[in-house]
Amino acid sequence: MAEALARILNIGLAWHSDRNPNLGVGALTVGNMALADEAGKRAGVQLRYHLFLPRDGASPYVSGFASRHDLTQRYLWSPSGFARDVRGLDVMLDIGAGDSFTDIYPLRRFLMLMGTKYLVCRAAVPLVFSPQTIGPFSRQPHSAMAAWTLNHAEAVFARDSRSLEAARKLAPGARVQQAVDVAFALPFTPSSRGPGTRVGINVSGLLYGGGYTGNNEFGLTIDYRAFTHRLVEALLARPGVSVELISHATSPNLPADDDASAVASVAAAFPQTRGIPPFRSPSDAKSFISGLDFLVAARMHATIAAYSTGVPVVPISYSRKFEGLYGSLSYPWLVPAKGMSTEEALRFTLDAFDRRAELAADIGRGSEAIAQGLETYVMALAKLFSDVAARRG
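Please read these numbers as outputs of a predicted model, since none were measured by experiment.

About the criteria used
- Just so you know, the residues in each chain are numbered from 1, in the order the chain's sequence is written.
- Only residues with pLDDT of at least 70 are given local features in this predicted model, and only at 80 or more are side-chain atom pairs given and counted; all residues enter the totals for whole chains, interfaces and linings.
- Side-chain numbers here rest on the full set of heavy atoms in the structure, without hydrogens or water.
- Secondary structure is summarised from DSSP: a helix means a run of H or I of at least four residues, a strand means a run of E of at least two, and numbering begins at the N terminus for each.
- Here the radius of gyration uses the C-alpha set of atoms, whereas the globule reference equals 2.2 Å times the residue count to the power 0.38.
- Buried residues are those whose accessible area, probed at 1.4 Å on protein chains only, stays under 20% of the maximum for their type, while exposed residues exceed 50% and partly exposed ones sit between those limits.
- The Shrake-Rupley method, run with a 1.4 Å probe, gives the accessible areas here. Residue values count only the displayed protein chains as cover.
- The positive count covers Lys and Arg only, the negative count covers Asp and Glu only, and His and the chain ends enter neither.
- Every charge is mapped onto a representative atom, which is NZ of Lys, CZ of Arg, CG of Asp or CD of Glu.
- At least two DSSP bridges between two strands are needed for those strands to be called paired.
- Lines are fitted to the C-alpha atoms to define the axes, a helix being fitted only along its stretch in contact, and any angle between axes, read from their N-to-C directions, falls within 0 to 180 degrees.
- Any two residues whose heavy atoms approach within 4.5 Å are treated as being in contact.
- A carboxyl oxygen of Asp or Glu within 4 Å of a side-chain nitrogen of Lys or Arg is what we treat as a salt bridge.
- With a 1 Å grid spanning the protein atoms alone, the term cavity applies to any set of points in which a 1.4 Å probe fits but cannot get out, the term pocket to an open set with protein on both sides within 12 Å along at least five of seven lines, and the term lining residue to any residue with an atom within 4 Å of a point.
- Grid points are joined across faces, edges and corners, and a volume is the space filled by probe spheres set on the points.
- Each residue is assigned to one class: nonpolar for Ala, Val, Leu, Ile, Met, Phe, Trp, Tyr, Cys and Pro, charged for Asp, Glu, Lys and Arg, and polar for all the others, Gly among them.
- For every residue, the predictor reports its confidence as pLDDT, a number between 0 and 100.

Asks: Can you help me understand the overall build of the protein in this one?
Replies: Each helix and strand in the protein was counted, giving 15 helices and twelve strands. Its C-alpha radius of gyration of 21 Å places the protein within 12% of the 21 Å reference for a compact globule of 393 residues. The principal-axis extents of the C-alpha atoms in the protein amount to approximately 65 × 40 × 40 Å. In the protein, which comprises 393 residues, the share counted as buried stands at 57%. When the accessible surface of the protein is summed, it comes to about 16000 Å², and 53% of that surface belongs to carbon and sulfur atoms. Of the side chains in the protein, 39 bear a positive and 34 a negative charge, and the two mean positions are spaced by 5 Å.

What follows is the structure, encoded as structure tokens:
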């Protein structure tokens, strides 16, 4: 019995979510668990997961946790809260919500993210930065605090080459490797493709309204709303093409970040389109997207769902995480956050639609890099799990 118990490892999942209405965060959770499970099999151990997530009242769409804890300030800093619960873990996998390990967000969020990492290290629990965007960091004391956590981590995995460069510059002595976004491992059920040409457009509520402030704080050089309307109009004019409008992040209480409301607006302007109801889970979204012939998307994990199912996709970037990921995959079919006018972006996207066989071929060539990135991560986790189990005896 003691030997059997020694083969169970308690794994923390920090800044993941089982219910985030932004399905990209959920995709990271499910994908990371799938990869960790594979690593556990290789190491000959069973994993018991403990979820540490920002508080959210939405309904869960991921299960399989031995415990779950809301990361409130009170819980984080209470001696009987996070610090106590962390001491019961064997390893902490921290994914930073995918792109939150940076100093571009408000100070309170930054301190919460750093606080969890600091307390894990202080408890002498191995801290793993699961594949994520790292940076940018451009001010103090943020850069120094970030460097400290990187240097004290057991392992750091960047999900793209730009993040790898940023991590090495910030903390040259840290154990940093490049992997790839864990959402590429998100399970799904393939959908069959019907007659005609099905084009999906993931309408980003965040960009459709001009960002959180409505003042284009992302500095886009395209008018996203005008681009979306003109793209729909151009596609509907093509014989045999149907247009389906997709949400990937829904936030009814935050209209500025709600894809569903943007989808409703576009559907009202173009009744010939089909507005797809919000998906129940990340895997449901990926399964649906797998049946499309072409996708244009401004939510990164919607683009990953397409790419990883072989669907030609044009990502619409609003941050360097897009350029970092797709640059690492040598995939040039991306509308950059800056550098194109609305007219240029429209021509580029329609040209990509006409050349979607070339996009599919480029996706096929990138599959090896994805497989290698995921294998790098799984191998490292398997060794860590094996070493931790061996130390337990």
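Asks: Help me understand the sheet that holds strand 9 (residues 241-246) in this model?
Replies: To summarise the sheet geometry, strands pair through backbone hydrogen bonds and adopt either a parallel or an antiparallel arrangement. With parallel pairing, the five strands of this open sheet are ordered in space as 10-9-8-11-12. At either end of the open sheet lies a strand with only one pairing partner, and these are strand 10 (274-275) and strand 12 (313-315). With two bridges connecting them, strand 9 and strand 10 associate as parallel partners. Its bridge partner being in strand 10, Leu245 is matched across the sheet by Gly275.

Asks: Looking at this structure, how should I read the sheet that holds strand 5 (residues 127-132)?
Replies: Strand order in the open sheet formed by seven strands is 3-2-1-4-5-6-7, and the pairing between neighbours is parallel. A strand with exactly one partner marks an edge of an open sheet, and here the two such strands are strand 3 (65-70) and strand 7 (176-178). Each adjacent strand pair in this sheet contributes to an overall mean axis angle of 20°, direction not counted. Both strand 4 (residues 91-94) and strand 5 contribute to a ladder of three bridges, which runs parallel. Within the sheet, the bridge partner assigned to Asp94 lies in strand 5 and is Phe129. Where helix 2 (residues 23-43) meets the sheet, it contacts strand 1 (8-14), strand 2 (46-53), strand 3, strand 4 and strand 5, and its direction lies at approximately 155° from that of strand 2. Strands in contact with helix 7 (residues 161-170) are strand 5, strand 6 (155-158) and strand 7; relative to strand 7, the strand with the most contacts, it is inclined by about 170°.

Asks: Would you mind going over the pattern of salt bridges with me for this structure?
Replies: Close approach of charged atoms allows side chains with opposite charge to pair. One pass over the full model with this rule turns up 24 salt bridges. Between Arg68 and Asp18 there is a salt bridge, with the nearest N and O atoms lying 3.3 Å from each other. Taken as a pair, Arg68 in strand 3 and Asp18 in the loop between strand 1 and helix 2 lie far apart in primary sequence, 50 residues in all. On the basis of relative accessible area, Arg68 is assigned to the partly exposed category, the value being 34%. Arg238 serves as the salt-bridge partner of Asp354, at 2.4 Å between the closest nitrogen and oxygen. Taken as a pair, Asp354 in helix 14 (residues 342-354) and Arg238 in the loop between helix 9 (224-236) and strand 9 lie far apart in primary sequence, 116 residues in all. For Arg238, a relative accessible area of 25% puts it in the partly exposed group.

Asks: Can you help me understand the layout of surface pockets in this one?
Replies: Over the atoms rolls a probe the size of a water molecule, and its path tells where empty space is left. Here the second largest pocket is characterised by a volume of approximately 210 Å³. Around the second largest pocket sit 13 residues that line it, and Glu154, Ala155, Ala380, Lys383 and Leu384 are the ones nearest its centre. Looking at the lining of the second largest pocket, the elements that each hand over two or more residues are strand 6 and helix 15 (356-392). Sorting elements by how many residues they give to the lining of the second largest pocket places helix 15 first, with seven residues. Considering only residue class, the lining of the second largest pocket consists of seven nonpolar, one polar and five charged.

Asks: Just to check I follow, could you spell out the environment of Phe101 for this structure?
Replies: Within the secondary structure, Phe101 is located in the loop between strand 4 and helix 5 (107-122). When residues no more than four places from it in sequence are discounted, the contact partners of Phe101 are Gly96, Met114, Lys117, Phe129, Gln132, Thr133, Ile134, Gly135, Phe137, Ala146, Thr149 and Leu150.

Asks: What should I look at first to understand the confidence of the model for the protein in this one?
Replies: Close reading of the predicted structure is inappropriate where its pLDDT is low. Residues of the protein with pLDDT of at least 70 account for 98%, and the chain-wide mean is 94. Note that residues 1-5 has pLDDT below 50 and, in this model, one contact with residues that lie over four places away or in other chains.

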